[in-house]
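Single-letter residue listing:
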Amino acid sequence: MLITCPYCGPRDVIEFTYQGDGNRERPQPASQDLDAWNAYVYDRLNPAGDHNEIWQHSGGCRAHLRVVRNTLTHEISSVAFTRGHHKVAARHKAEGKI
Amino acid sequence: MAEYSAFSLLKNALTGNKDWKPAWRKPNPKASYDVIVIGGGGHGLSTAYYLAKEHGITNVAVLEKGWLGSGNVGRNTTAVRSNYLLPANTRFYEHSMKLWENLSHDLNYNVMFSQRGCLNLAHTPAQFDEFARRGNAMRHLGVDAELMTTAEIARLVPALDVSATARFPIVGGLMQRRAGTARHDAVAWGYARGADRRGVDIIENCEVTGFLRDGDRISGVTTSRGEVRASKVAVAVAGSTGQVMRLAGIDTMPIESHVLQAFVTESLKPFINTVLTFGMGHFYMSQSDKGGLVYGGDLDGYNSYAQRGSLPVVDEVMSEMLALFPGLARVRMLRNWGGVCDMSMDGSPIITTGPLRGMYLNCGWCYGGFKATPASGWCFAWTIAKDEPHDINAPFTLDRFHRGLVIDDKGQGAMPRLH
């Protein structure tokens, strides 16, 4: 399986660390809503089909990526930075590095 | 006379083997049953068997989407053990071990249960201490466990690299002598025949497509072969748990589906006479009666419903095997395959009433479901028949995650890919 890192280009899956379901929403740190915390930690959608998930390019640029991958076919339909990095990527693209 | 015995073999051999009956019938689904079990794998079939045998509930249908035993009961590496640390797990898996020890007689079907032992290798003094702790915890609850020295291990498994120059030198091991292996297909077929002979309808190629409701109560299912009603609907679908629960309107579960691969080599002469696990990675191996080495390693590591694996894990498993057995470098691998595991958030299963009225749930087997097959069905049948859990499965609730009562044997936290 190849994941196309928006910064580094297509790389083998062994360079990446899976960080799981990207649909979960972490409550604010001060939140005392136990149900929301429990849901964040334990509950999963676990779809058979497109799955919104977080990977880290730990063996590369170390960026955190939001990946949409089909859990039946392993086809990846989108990869994006979870946040930030966009300007760096745009600059590298403009400079022809990626 | 038992249906399968030396006498019946001889009699049928003399009469041209014309009188054998199929091991189970192929009935069409009736309009209603007392209990529907969704999932014709090991756990669903053993549930139906114990419902009939222990509780006298024989008006039961087992609905299977594919053919019988096409899922994980036919895809595992067949190890049976009860070497856990936490009391809830130890009691449950030891109950399973005791059922295994009499299973061939009970089913009148040879499941080829072979108590050849399971040896966990320790590669650091700290790991050896941890194994001593686990061994003591097991013995405290009446389960056999013994520590082995490197010299004893070298005598038991001569092919193992026990030298001080090995990549991960072996400092000792924890052995459970009563552990071993069983023939996985025979377990599915034996339970299926036992349930069928007691009146259970095993219906293959019958996919559940939705749930019927009577008010807030589940009252049956819609299937690819029509509607089937029952006042009790039990779900035992392993890796498909999330998909089936979604049909009942439950969108999230404390479960992720991951793929686990397994491998078989060409047949060798007797090479290893125990189930061996590697302590510096995730690798386990035994030798089948046919001679092939049966082994596996870690999950691929990301959510997957594909019953096939990826190459990086193949590479990792082979390197772990060679770290232990350099002499296997030129043995050929014959087959590999993948199964979809229902990885729970604490590595322990769920066997419970609910979560909806009229529904019963059995899931979260991670990759330890095969050894649990007898006790899982036994406890699930009790839970269905009496509408409450037996003491043995009472800790394995669905709401334990939200109540802070997780049973995390490895202490990994809510990271299913690491259990």
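Here the residue numbering is sequential within each chain, running from 1 through the sequence in written order. Each chain gets a letter, beginning with A, and each ligand a number, beginning with 1, in the order they are written. Whole-chain, interface and lining totals are the exception, using all residues; otherwise, since this is a predicted model, local features are given only for residues with pLDDT of at least 70 and side-chain atom pairs are given and counted only at 80 or more. Only hydrogens and water are set aside when side-chain values are computed; all heavy atoms of the structure are taken into account.

Structural notes on the interface of chain B and chain A
Where the parts come together, the accessible area they lose is often given as the size of the interface. Taken residue by residue, the interface counts 25 residues in chain B and 23 residues in chain A. Put simply, buried area is how much 1.4 Å-probe accessible surface two parts lose in total, over both of them, once they are put together. At the boundary of chain B with chain A, total buried surface from both sides reaches about 2100 Å², with 52% on carbon and sulfur atoms. The salt bridge definition used is simple: a Lys or Arg side-chain nitrogen within 4 Å of an Asp or Glu carboxyl oxygen. Between the two partners, chain B and chain A, sit one salt bridge. Here Arg44 of chain A ties to Glu256 of chain B by a salt bridge, and the two come within 2.8 Å at their closest N and O atoms. Nitrogen and oxygen atoms within 3.5 Å of one another constitute a polar contact, given that in protein one can donate a hydrogen and the other can accept it, and given that sequence-neighbouring residues count only through two side-chain atoms. One can count 14 residue pairs in polar contact (both at pLDDT 80 or more) joining chain B with chain A. Each helix corresponds to a stretch of at least 4 residues labelled H or I by DSSP, and each strand to a stretch of at least 2 residues labelled E; elements are numbered beginning at the N terminus. Looking at the side of chain B that touches chain A, the elements with two or more residues in it are helix H8 (241-247), strand E12 (255-267) and strand E15 (292-303) of chain B. We call Asp, Glu, Lys and Arg charged. Ala, Val, Leu, Ile, Met, Phe, Trp, Tyr, Cys and Pro are nonpolar, and the rest, Gly among them, are polar. Of the residues belonging to the side of chain B that touches chain A, the class tally is twelve nonpolar, eight polar and five charged. The contact definition used throughout considers only heavy atoms, calling two residues in contact when any of these lie within 4.5 Å.

A look at the pattern of salt bridges
Residue and element names in this part refer to chain B. As enumerated under the stated definition, the model contains 24 salt bridges over all chains in all. Here Lys53 and Asp106 are joined by a salt bridge, their closest N and O atoms 3.1 Å apart. Of this pair, Lys53 sits in helix H2 (residues 42-55) while Asp106 sits in helix H4 (residues 103-107), and the two are 53 residues apart along the sequence. Judged by its relative accessible area of 25%, Asp106 is partly exposed. Note that Glu227 and Arg229 form a salt bridge whose closest N and O atoms lie 3.5 Å from each other. The buried label goes to any residue with under 20% of its type's maximum accessible area, the exposed label to any with over 50%, and the partly exposed label to all in between, with areas taken from a 1.4 Å probe on protein chains only.

Considering the sheet that holds E15 of chain B
All names here are of chain B. Across the sheet, eight strands lie side by side as E5-E6-E4-E13-E14-E15-E12-E16; this open sheet has mixed pairing. Since the sheet does not close on itself, it has two edges, and those belong to strand E5 (146-148) and strand E16 (333-344), each with one partner. Averaged over neighbouring strand pairs, the angle between their axes works out to 25° when direction is ignored. Being paired, for any two strands, means DSSP has found at least two bridges between them. Sheet topology places E12 next to E16; eleven bridges connect them, and they run antiparallel. What sits directly across from Phe263, in E16, is Asn336. Convention adopted: a line fitted to C-alpha atoms gives each axis, helices being fitted over their contacting stretch, and angles between N-to-C directions are expressed from 0 to 180 degrees. Its contacts with the sheet put helix H9 (residues 311-324) on strand E4 (118-122), E12, strand E13 (275-278), strand E14 (283-287), E15 and E16, and the angle it makes with E15 is roughly 135°.

Quick look at the packing of helix H3 (residues 87-101) of chain B against helix H10 (residues 369-386) of chain B
Residues and elements named next belong to chain B. It is the contact of H3 with H10, at a shortest axis distance of 8 Å, that shows an interaxial angle of 95°. The angle between H3 and H10 falls in the class roughly perpendicular. Of the residues in H10, those in contact with Phe92, Tyr93, His95, Ser96, Leu99 and Trp100 of H3 are Phe370, Lys371, Ala372, Thr373, Pro374, Ala375, Ser376, Trp378 and Cys379. Here the residues of the contact of H3 with H10 sort into ten nonpolar, four polar and one charged. Should an angle lie under 35 degrees it is considered roughly parallel, over 145 roughly antiparallel, and from 65 to 115 roughly perpendicular; all remaining angles are considered oblique.

A word on the nonpolar core
All names here are of chain B. As used in this record, nonpolar core signifies buried Ala, Val, Leu, Ile, Met, Phe, Trp, Tyr and Cys residues forming a set joined through side-chain atoms within 4.5 Å. Among the nonpolar cores identified, the biggest contains 56 residues, and Phe92 and Trp100 are the most heavily contacted of them. Going through the elements one at a time, strand E1 (32-38), H2, strand E2 (60-63), H3, H4, helix H7 (184-197) and H10 are the ones with two or more residues in this core. With eight residues, the top contributor of residues to this core is H10. Leaving out residues up to four positions away in the same chain, Trp100 has contacts with Val80, Val111, Phe113, Ala182, Val187, Phe370, Lys371 and Pro374. Core analysis: the second largest hydrophobic core is formed by 31 residues, Ala230, Val235, Met245 and Leu361 among them.

Focus: the sheet that holds strand E6 (residues 76-81) of chain A
All names here are of chain A. A sheet is described by the order of its strands in space; here four strands give the open sequence E3-E4-E5-E6, paired in antiparallel fashion. In the strand order of this sheet, the two ends are held by strand E3 (17-21) and E6, each with one partner. Each neighbouring strand pair of the sheet contributes to a mean axis angle of 25°, computed without reference to strand direction. Here strand E5 (residues 64-70) pairs with E6 via five bridges, running antiparallel.

Description of the environment of Ser288 of chain B
Mapping Ser288 of chain B onto the fold places it in the loop between E14 and E15. Sequence separation of Ser288 of chain B and Thr78 of chain B is 210 residues, and the distance between their C-alpha atoms is 9.2 Å.

Some thoughts on empty space enclosed by the protein
Of the grid points, spaced at 1 Å and generated over the protein atoms alone, those admitting a 1.4 Å probe that cannot get out make up cavities, while open sets with protein on both sides within 12 Å along at least five of seven lines make up pockets; any residue with an atom within 4 Å of a point is treated as lining. Grid points are joined across faces, edges and corners, and a volume is the space filled by probe spheres set on the points. In this structure the tally under the stated criterion is one cavity of 30 Å³ or more. The volume enclosed by the largest cavity comes to roughly 40 Å³.

Some words on the UniProt feature "domain: Rhodanese" (unreviewed entry) in chain B
UniProt positions are given in the numbering used here, feature names are shortened, and annotations may be inferred rather than shown by experiment. Feature annotation in UniProt places "domain: Rhodanese" (unreviewed entry) on residues 35-79 of chain B, given in this structure's numbering. Helix makes up 31% of residues 35-79 of chain B and strand 20%, whereas the separation of the span's terminal C-alpha atoms amounts to 30 Å.

Examining the packing of aromatic side chains
Working definition: a ring pair exists when centres of Phe, Tyr or Trp rings (six-membered ring for Trp) sit within 6.5 Å. Plane angles under 30 degrees give stacked, over 60 give edge-to-face, the rest tilted. Taken as a whole and judged by the stated rule, the model has 21 aromatic pairs over all chains. Ring centres of Tyr4 of chain B and Trp20 of chain B lie 5.8 Å apart, and the angle between their planes is 70°; this geometry places the pair in the edge-to-face category. Here Trp20 of chain B lies in the loop between helix H1 (6-14) and E1 and Tyr4 of chain B lies in the segment before H1, a separation of 16 residues in the sequence. Within the aromatic cluster, the residues linked to one another by ring pairs are Tyr84, Phe92, Tyr93, Trp365 and Phe396 of chain B. Ring-over charges, as used throughout, are those where CZ of Arg or NZ of Lys falls within 6 Å of the ring centre and within 35 degrees of the ring normal. Just above the ring of Tyr40 of chain A sits the side chain of Arg24 of chain A; from NZ or CZ to the centre is 4.9 Å. One Lys or Arg, Arg193 of chain B, reaches over the ring of Tyr4 of chain B and ends 4.1 Å from the middle of that ring.

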